[in-house]
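# Descriptive analysis of the structure
The residues making up each chain are set out below.
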Amino acid sequence: MADTEKVCCQPERGLVLRDVTLTAGSTCVLRDASLTVLLSGMTLLSGRNGAGKSTLLRAMLGLVPLQEGEILTHGLPPAQARQHIGYMPQSVTDAALLLPAVSHVRAAVDGLRWGLPLHLRPRREEADRLLALTGASAFAHRPLGLLSGGERQRVGLAQALAGNPDLLLLDEPLAALDHAGQEQTVRLLEDLTDRLGIGIVLTSHETEALSGVVTRVVQLADGGLHVRV
Amino acid sequence: MFEFDFMRHAFMGAAVVSVLAGTVGWFLMLRRQAFAAHALSHIGFSGAAGAVWLGFPPLSGMVVFSLMAGFVIGAEREGERGIPAQRDSTIGLVLAASLGLGAWFLHMSNRGSSLATTLLFGDVLGIDMPTLKALCGVAVLCLGLLAFLGRRLLFASLAPEVARARGVPARLVSVVFMAVAALACAACAEVAGALLAFSLMIGPAATALKLGLGPLAGIALSVGLALALSWGGLMLSWVTDAPVPFWIGLGAALSYALADLWRRVRSR
């Protein structure tokens, strides 16, 4: 059995893995792994390339099936937990690059509803609020394809914040950013955790940019998870 | 020209199809499925040939074949980033099989070249009242389904992974949308023919997207352009005697080129 480290005893505010076996193709990501960890503040999920960090994030959202065991986020299985989780994949989006950035965020704001929107103003106002929160208002009406990597990350964050989640799962938010861009993004993430009280779980190889910022590190290695506070 | 029944029917049919093509085409282009639009109208051609061979109206065959192909294309398993990894291969193979069947249907119906010409290039001036009613029925069904899907379809098109993570049933949305696209392609093929049906779906939508407009303005422009192209094509055809699909195809390419030019000038 993989290492088990009890970091908290409040599963309703954290992540619980019970005897989880998870594979990605031929790679075994987790083998009979258990873990209980608080998800307040910023949690860095680290591991070597190909260890399965992205797969674990996707499993928390129910996008990847577990071979065995269960994952509870804030005490809920993935299908229910994802109502409270915002997600930003590694490549923010490469669809509809000619559409204004604000259209991408508006689509995320009420994208869970069927039918046509009867009242457009609340959706517009919410999208504007999210873009302001992530510092993306200045370029909200420019086509997404004309934005820099850092600007697109801010739009992706605004999308992830749609639905007012308690927790953000961010897959490599610092990848493909220069040093200044990384610093700006880290400051933005700190600001989100401080101002909104949102927990953030992120994967990244840029441990230097995150030093002193993350609350805890969850190391994914050898089919198990190890926590450092 | 409006003193003739066939011209009035043609203008009404073109209007119905334009609203449908402009709306469905915008989503097809947004989802980068131009090849699907091209393939579905050609697949409809095979269905129409089969229907004629069996003694049914061509539109019924177009609808059945396009719909079956739409389900196959839409149901393909999605890859990690929410886009089917083998989408173009699947569409290509479904298209190849359908065209093979179409050639056999034409051979069996003994009306090879004349029927093929009609199906490939369309016969907008031959639209009768029953066909017009059928087109209206297809348009109402498609637009109704699109209105129902609308917001989830837009979210799943713009950010497929994020939408799936939030619980949007992306595969179901994709299958229903491809069924809508198949019906719309069959309806467009009735007016512009199998070869040029997709020009009415792709040209106006591509122009609207090129201009960087948001969804509502983009769809409105796409529908307006489709209407201008089809009605303009009918009028120019009346004056010049050149076929309607010729004017539609030319107009679609021209409108896109103008949008591209406008963007370039504006970005300087």
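Everything numeric in this text was worked out from a predicted model, so none of it was measured.

## What about the interface of chain A and chain B?
- At the junction of the two partners, chain A supplies 33 residues and chain B supplies 32 residues.
- Looking only at chain A, the three residues that lose the most surface to chain B are A:L98, A:L112 and A:W114, adding up to 23% of its buried area.
- Along the contact surface separating chain A from chain B lie 2 salt bridges.
- Linking B:E161 and A:R58 is a salt bridge whose minimum nitrogen-to-oxygen distance equals 2.6 Å.
- Inspection of the region where chain A meets chain B yields 9 residue pairs in polar contact (both at pLDDT 80 or more).
- For the side of chain A that touches chain B, the secondary-structure elements that each account for two or more residues are β5 (85-88) and α3 (101-109) of chain A.
- Considering each element in turn, the side of chain A that touches chain B owes the most residues, 4 residues, to α3(A).
- Among the residues making up the side of chain A that touches chain B, the classes are represented as 20 nonpolar, 8 polar and 5 charged.

## Describing the packing of helix α1 (residues 5-30) of chain B against helix α9 (residues 215-240) of chain B
Residue and element names in this part refer to chain B.
- Remark: α1 packs on α9, axes separated minimally by 8 Å, with the N-to-C direction vectors making an angle of 150°. On the basis of their axis angle, the class for α1 and α9 is roughly antiparallel. Where α1 crosses over α9, the two elements pack in a sense that is right-handed. The segment α1 lies against α9, with F6, M7, A10, F11, A14, A15, S18, V19, G22, T23, W26 and F27 engaging P215, G218, I219, S222, V223, A226, L227, S230, W231, L234, M235 and W238.
- Residues belonging to the contact of α1 with α9 are distributed by class as follows: 18 nonpolar, 6 polar and no charged.

## Side note on the sheet that holds strand β8 (residues 216-221) of chain A
Residue and element names in this part refer to chain A.
- If you trace the 6 strands from one edge of the open sheet to the other, you get β5-β6-β7-β3-β8-β9, paired in mixed fashion. The sheet is open, and its two borders are formed by β5 and β9 (224-228), each paired with just one other strand. Taken over all neighbouring pairs, the strand axes of this sheet differ in orientation by 20° on average, direction set aside.
- Of the strands in this sheet, β3 (42-46), β5, β6 (167-171), β7 (199-203), β8 and β9 touch helix α1 (residues 53-60), which is tilted by about 150° from β6.
- The strands touched by helix α6 (residues 179-196) are β3, β6 and β7; relative to β7, the strand with the most contacts, the crossing angle is about 155°.

## Let's talk about the packing of aromatic side chains
All names here are of chain B.
- Scanning the model with the defined rule gives 11 aromatic pairs over all chains in all.
- With 6.0 Å between their ring centres and 70° between their planes, F65 and F105 make a pair best called edge-to-face. One end of the pair, F65, is in helix α3 (residues 58-74); the other, F105, is in helix α4 (residues 87-109), and 40 residues separate them in sequence.
- Here the aromatic rings of W104 and F105 are separated by 5.9 Å at their centres, their planes lie at 45°, and the arrangement is tilted.
- F105 gets classed as buried once you look at its relative accessible area, which sits at 10%.
- Grouped by ring-pair contacts, the aromatic residues W53, F65, W104 and F105 constitute a single cluster.

## Looking at the pattern of salt bridges
- Counted under the stated rule, the structure contains 9 salt bridges over all chains.
- One salt bridge in this structure joins A:E70 and A:R18, with 2.5 Å as the shortest N-O distance. Of the two residues, A:E70 is situated in strand β4 (residues 68-73) and A:R18 in strand β1 (residues 14-24); the sequence distance between them amounts to 52 residues.
- Accessibility expressed as a relative area gives 40% for A:R18, which makes it partly exposed.
- Here A:D191 and A:R195 are joined by a salt bridge, their closest N and O atoms 2.6 Å apart. Highlighted residues: A:D191 and A:R195, both in helix α6, separated by 4 residues, approximately one helical turn.
- A:D191 sits in the partly exposed class, given a relative accessible area of 27%.
- Salt bridges sharing partners connect three or more residues here, namely A:D110, A:R123 and B:R151.

Analysis parameters
Residues numbered from 1 in each chain as written. Chains lettered and ligands numbered in written order. Predicted model: local features only at pLDDT ≥ 70, side-chain atom pairs only at ≥ 80, totals over all residues. Heavy atoms only, no water. Contact = heavy atoms within 4.5 Å. Buried area = accessible area lost by both parts, 1.4 Å probe. Salt bridge = Lys/Arg side-chain N within 4 Å of Asp/Glu carboxyl O. Polar contact = N/O pair within 3.5 Å; in protein donor to acceptor, adjacent residues only side chain to side chain. Helix = DSSP H or I, 4+ residues; strand = E, 2+ residues; numbered from the N terminus. Nonpolar A, V, L, I, M, F, W, Y, C, P; charged D, E, K, R; others polar. Axes fitted to C-alpha atoms, helices over the stretch in contact; angles between N-to-C directions. Parallel < 35°, antiparallel > 145°, perpendicular 65-115°, else oblique. Left-handed = near helix turned anticlockwise from the far one by under 90°. Pairing = 2+ DSSP bridges. Phe/Tyr/Trp six-rings, centres within 6.5 Å; stacked < 30°, edge-to-face > 60°. Buried < 20%, exposed > 50% of the residue type's maximum accessible area, 1.4 Å probe, protein only.

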